[in-house]
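For reference, the chains in residue letters:
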Amino acid sequence: MNALPNIDPVPTHSDGEVVHWLTNDTRDERFIDNIFAELCMRLQRAGIPVKRASLHVLIHHPQWLGARIMWADGMREATIERVDYDVRGRPEYIDSPANEIHNGATEVRENLERDPARRRKHALYNEMRAKGLTDYVAWPLYHTLGKRHIVSFATDRPGGFDDAQISGLLKLLPVLALVSEIRIKNRLARTLLETYVGSHAGELILAGATRRGSGTTVRAAIMICDLRDFTRISDNWPRDDVIDLLNGYFDAMSEPIARHGGEILKFIGDGLLAIFPLSQPSACADLLHAVAEARQAMVALNEKNSETGRAPLNYGVHVGDVMYGNIGSRTRLDFTVIGPAVNMASRLEALTKQLGRPVLLSRAFADFVEGDFDLERVGEYPVRGFNDPIELFAYHG
């Protein structure tokens, strides 16, 4: 089980064409699941009777350990299932061919037609037997730096795969490894950028916006918020409780912001900075809808965790022109927004504590939404760093 079969490479009539296609004709296809489905159909046409195939890849997404790409006879597209980080503790994984591969096996092969007394008891094998499959084989797919993924094939051919068909499949593995690694790393790069800088900034960076000082002026509604009394909480609570508090708070905030078209650019300790570009006519209204939904989510979160005395949120909201782009040192850049409008939103958030209003809006922002939302005029107040007093409004939605 731990050594690849010693089979002379006697290809079927057309499997060389499959290798040629995989090597030369997939460069314009971005997604590995599309390539994998097409590969399986081409293998059938080449005389290798694949009826079921899977590709298991580790992607290390913030929420998912990996993905399982599945294809079966008759499917034009493969399906993708996300795999949780805790999968390796589950019985269905522990008792699986995938676990054998991850533990070092270089091949897992099962004759599904063999005498029942000699059959291994993996649940997967029983499932495949019930579907009329006769043979199953899985191999590690080696990427650079020791990364191991898994590919498997199954057939319903009486007697299973013959030696030439196994040879044809083995011949594909090095090329499939290269093709899949490129797509997986592209997806990983995109995922990391979306995770750490946001989807819009990530797209710009992938498109080449990486030069220091490059950027554009964007007119946007700006939201800055933080947790009240977080310093006291972080000084007195256990570390894990503080992290749990922040993750719950950021979940409550992030989902409404994304749902209403905003983008979080930065988490700053217990705070965050988000923008809603005014290229979307409803941006200011969308921001307030996101605030209302986030506050409701925080109420639910605090009720669920009432014994911990979780803190409420404060928001400063403004609108104006910001410079959106790359700022930093020669070797460490941040894709963010800067400008007086950002400073104003930050100052308004700080004023929420003084004025006892959890959401403060500038007059410039209120002008966009005053007829559609019930706002309380708070008055004019001096704002640090600005010459003239600023007329402020509170939103209680």
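Above this note sits the structure.
Residues numbered from 1 in each chain as written. Predicted model: local features only at pLDDT ≥ 70, side-chain atom pairs only at ≥ 80, totals over all residues. Heavy atoms only, no water.

J.: Just checking my understanding: could you explain the packing of aromatic side chains for this structure?
T.: Ring pairs (aromatic) are described by centroid distance and by the angle formed between their planes. Applying the stated rule across the entire model yields five aromatic pairs. Taken together, the ring pairs in this structure connect Tyr-249, Phe-250 and Phe-267 into an aromatic cluster. (Phe/Tyr/Trp six-rings, centres within 6.5 Å; stacked < 30°, edge-to-face > 60°.)

J.: Even after reading the chapter, I still don't get the pairing of strand 9 (residues 271-277), so can you show me in this structure?
T.: Among the seven residues of strand 9, six are classified as buried, and the element is accordingly described as predominantly covered. The pairing of strand 7 (residues 215-227) with strand 9 spans seven bridges and is classified as antiparallel. Following the sheet pairing, Ala-221 is matched in strand 9 by Phe-276. Bridging between strand 8 (residues 263-268) and strand 9 involves five bridges; their strand directions are antiparallel. Its bridge partner lying in strand 9, Phe-267 is registered against Leu-272. Counted along the chain from strand 8 to the antiparallel partner strand 9, the turn is two residues long, and its residue Gly-269 has a positive phi close to 65 degrees. (Buried < 20%, exposed > 50% of the residue type's maximum accessible area, 1.4 Å probe, protein only. Helix = DSSP H or I, 4+ residues; strand = E, 2+ residues; numbered from the N terminus. Pairing = 2+ DSSP bridges.)

J.: Where do I start with the pairing of strand 12 (residues 359-362) in this structure?
T.: Burial along strand 12 is two-sided: the face carrying Val-359 and Leu-361 and the face carrying Leu-360 and Ser-362 are both buried. Of the strand pairs in this sheet, strand 10 (residues 313-328) and strand 12 are connected by three bridges, and their pairing is parallel. Residue Val-317 lies in a different strand from strand 12, and its bridge partner there is Leu-361. Judged from the three bridges that link them, strand 12 and strand 14 (residues 390-395) form a sheet pairing that is antiparallel.

Everything listed here is a matter of coordinates, which is why it stays silent on function.
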